[in-house]
Amino acid sequence: MCKYKTLTNLASFVPSGQLGKLLAQAKVYNQINIELAKLLPSTLKPLELCLIKDNKATLITHNQAIAFRAQKQLVALLELLTQIPALESITHIEIKININK
């Protein structure tokens, strides 16, 4: 006999608390990354938004060369980011390299 008596229908599952906030934030970031990919030049397409905090956007890539190029184009990147309505208040950009990929 199973000790769990109720089943959760995952189609209607709505997480609450911190998990719900994280999932909602992930949806927003995914949508922003879709919009950002349309604006970025082909040489910087692998950049993705991973964090927004205190008017600072952190972009991440797995490629060191792309991170280097992005560092040289921070002003242009900032102009692109502020074209996205959710990022209008961004005043600073930080570029990170994801070494786990």
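Now for a description of the structure that goes with this document. (Residues numbered from 1 in each chain as written. Predicted model: local features only at pLDDT ≥ 70, side-chain atom pairs only at ≥ 80, totals over all residues. Heavy atoms only, no water.)

Okay, the overall build of the chain next. The secondary structure content of the chain amounts to 3 helices and 3 strands. Seen in sequence order, the chain has helices and strands lined up from the N terminus as α-β-β-α-α-β. Within the span of the chain, comprising 101 residues, buried residues form 25% of the whole. Pairs at least 24 residues apart make up 51% of the contacts formed inside the chain by residues separated by at least 6 positions. (Helix = DSSP H or I, 4+ residues; strand = E, 2+ residues; numbered from the N terminus. Buried < 20%, exposed > 50% of the residue type's maximum accessible area, 1.4 Å probe, protein only. Contact = heavy atoms within 4.5 Å.)

Glancing now at the pattern of salt bridges. Tallying each qualifying case throughout the model produces 2 salt bridges. Among the ionic pairs, Lys56 bridges to Glu94, the shortest N-O distance being 3.8 Å. Taken together, the positions of Lys56 in strand β2 (residues 56-61) and Glu94 in strand β3 (residues 92-97) put the pair 38 residues apart, joining distant regions of the chain. Measuring nitrogen to oxygen at the nearest pair gives 3.7 Å for the salt bridge that ties Glu94 to Lys96. The class for Lys96 is partly exposed, based on a relative accessible area of 40%. (Salt bridge = Lys/Arg side-chain N within 4 Å of Asp/Glu carboxyl O.)

This part is about helix α1 (residues 17-39). With 23 residues, α1 extends 34 Å from end C-alpha to end C-alpha; this agrees with the ideal 33 Å at 1.5 Å per step. For α1, every residue scored as buried is listed here: Gly20, Tyr29, Ile32, Asn33 and Leu36. Buried positions along α1 lie against β1 (48-53), β2 and α3 (74-81). (Expected span 1.5 Å × (residues − 1).)

Attention shifts here to the nonpolar core. Formed by 20 residues in total, the largest nonpolar core has its most connected members in Leu47, Leu59, Leu77 and Ile95. Those elements that place two or more of their residues in this core are α1, β2, α2 (64-72), α3 and β3. Those residues in contact with Leu77, other than ones at most four positions away along the chain, are Leu40, Leu44, Leu47, Leu59, Ala70, Ile93 and Ile95. (Core = buried A, V, L, I, M, F, W, Y, C linked by side-chain atoms within 4.5 Å.)

Bringing unusual backbone geometry into the picture now. Trans is the prevailing form of peptide bonds, just as negative phi is the prevailing case for residues other than glycine. Non-glycine residue Asp54 carries a positive phi angle of around 50°. Among the structural elements, Asp54 can be located in the loop between β1 and β2.

What follows is about the sheet that holds β2. Reading across from one edge, β1-β2-β3 is the order of the 3 strands in this open sheet, with mixed pairing throughout. For this open sheet the edge positions go to β1 and β3, each flanked by a neighbour on one side alone. With direction set aside, neighbouring strand axes in the sheet form an average angle of 25°. With 6 bridges connecting them, β2 and β3 associate as parallel partners. Looking at the pairing, Lys56 lines up with His92 of β3. (Pairing = 2+ DSSP bridges. Axes fitted to C-alpha atoms, helices over the stretch in contact; angles between N-to-C directions.)

Consecutive side chains of a regular strand alternate in pointing toward one face of the sheet and then the other. Both β1 and β2 contribute to a ladder of 5 bridges, which runs antiparallel. Considered in β2, the bridge of Glu48 is made with Ile60. As consecutive antiparallel partners, β1 and β2 are separated by 2 residues, and within that stretch Asp54 has a phi angle of approximately 50°, a positive value.

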